[in-house]
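Observations on the three-dimensional arrangement
Okay, here's what each chain looks like letter by letter:
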Amino acid sequence: QIGGSGYLYRGLNQLLEKDAGDLGASEPCEVNANCSEGSSWGDQKRSVVKIKVRDGSLIGLCSGALVNNTAQDCKNYLLTAQHCGAGATTSNLNQWVFYFNFEAPGCSTPGSATALDDQTITGCVRRAASGTVSEVELSDFMLVELNKSIPAAYNVYYAGWTRAGTSS
């Protein structure tokens, strides 16, 4: 049974499996965490995920980060942006694909398709958002909970913060 169909005007390579997509297309102020500038962020980079989102008839890419909660029980919460798909239906959210450890193997950008997206989970539930449409008017956050547990082999990190008096 087919639930729907879509079309893609451009950017097919970014959505294909086993493809580096936009790796290396960052702005100069955005640092590759595998380069020397990112060496202090080895744990935190493991919280970041690539997300293939569906919002109605639209399909696109976004990013997000796993975040811990005050219970520190590593519940599968992921913080992303409202503009990534706040208008997504429950059916749409069940089709979102989360790619873990999606990164270049080193400081340089891979020159060809590599196995960057072997570690995935499909589907989530929206827990909170700053709005109900993908057009942002005020804040721009959305908290989702993944539908499945993250396998230990993914070696993820749950980002967070502390209210302690120590500066970051």
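So, a few notes on the structure that sits alongside this text. Because the structure is a prediction, the values reported are computed rather than measured.

1. Observations concerning the nonpolar core
Inside soluble globular proteins, nonpolar side chains tend to come together where they are buried. Counting 22 residues, the largest nonpolar core has L66, W96, F98, F100, L146 and I150 as the members making the most contacts within it. Beyond its immediate stretch of four places on either side in the chain, L146 contacts L66, N76, F98, F100, I121, G123 and C124.

2. What to know about the state of the cysteines
According to the stated counting rule, one finds two disulfides in the structure shown. Put simply, C62 and C84 are joined by a disulfide, and their sulfur atoms are 2.1 Å apart. Because the torsion about its S-S bond is -100°, the bridge between C62 and C84 counts as left-handed. Linking C62 in strand 2 (residues 58-67) with C84 in the loop between strand 3 (77-80) and helix 2 (90-93), this pair joins segments that are 22 residues apart in sequence. Residues C62 and C84 agree in their burial class; the two are buried. For the protein, the bonded cysteines pair up as 1-4, 2-3 when numbered in the order they occur along the sequence.

3. Some words on unusual backbone geometry
Here C74, not a glycine, exhibits a phi torsion of approximately 55°, which is positive. As for its placement among the helices and strands, C74 is situated in the loop between strand 2 and strand 3. Phi angles above zero are rare outside glycine, and N101 is one such case at about 55°. Structurally, N101 can be placed in the loop between strand 4 (97-100) and strand 5 (120-122). For N101, a relative accessible area of 23% translates into the label partly exposed.

4. A short note on the side chain of T80
Take T80: it is sitting in strand 3. A distance of 2.8 Å separates a polar side-chain atom of T80 from the backbone oxygen of S63. Discounting chain neighbours no more than four positions away, the residues touching T80 are I51, C62, S63, G64, D140, F141 and M142.

5. Considering the pairing of strand 1 (residues 48-55)
Among the eight residues that make up strand 1, six are buried, leaving the element largely enclosed by the rest of the structure. Pairing geometry for strand 1 and strand 2, over eight bridges, is antiparallel. Note on strand 2: the bridge partner recorded for K52 is L61. The hairpin turn running from strand 1 into strand 2, its antiparallel successor, is two residues long, and G56 in that turn takes a positive phi close to 65°. Bridge analysis of strand 1 against strand 4 gives four bridges, and the strand direction is antiparallel. By the bridge assignment for strand 4, K52 is matched with V97.

Cut-off values and rules
- Residues numbered from 1 in each chain as written.
- Predicted model: local features only at pLDDT ≥ 70, side-chain atom pairs only at ≥ 80, totals over all residues.
- Heavy atoms only, no water.
- Core = buried A, V, L, I, M, F, W, Y, C linked by side-chain atoms within 4.5 Å.
- Buried < 20%, exposed > 50% of the residue type's maximum accessible area, 1.4 Å probe, protein only.
- Contact = heavy atoms within 4.5 Å.
- Disulfide = S-S within 2.5 Å.
- Helix = DSSP H or I, 4+ residues; strand = E, 2+ residues; numbered from the N terminus.
- Polar contact = N/O pair within 3.5 Å; in protein donor to acceptor, adjacent residues only side chain to side chain.
- Pairing = 2+ DSSP bridges.

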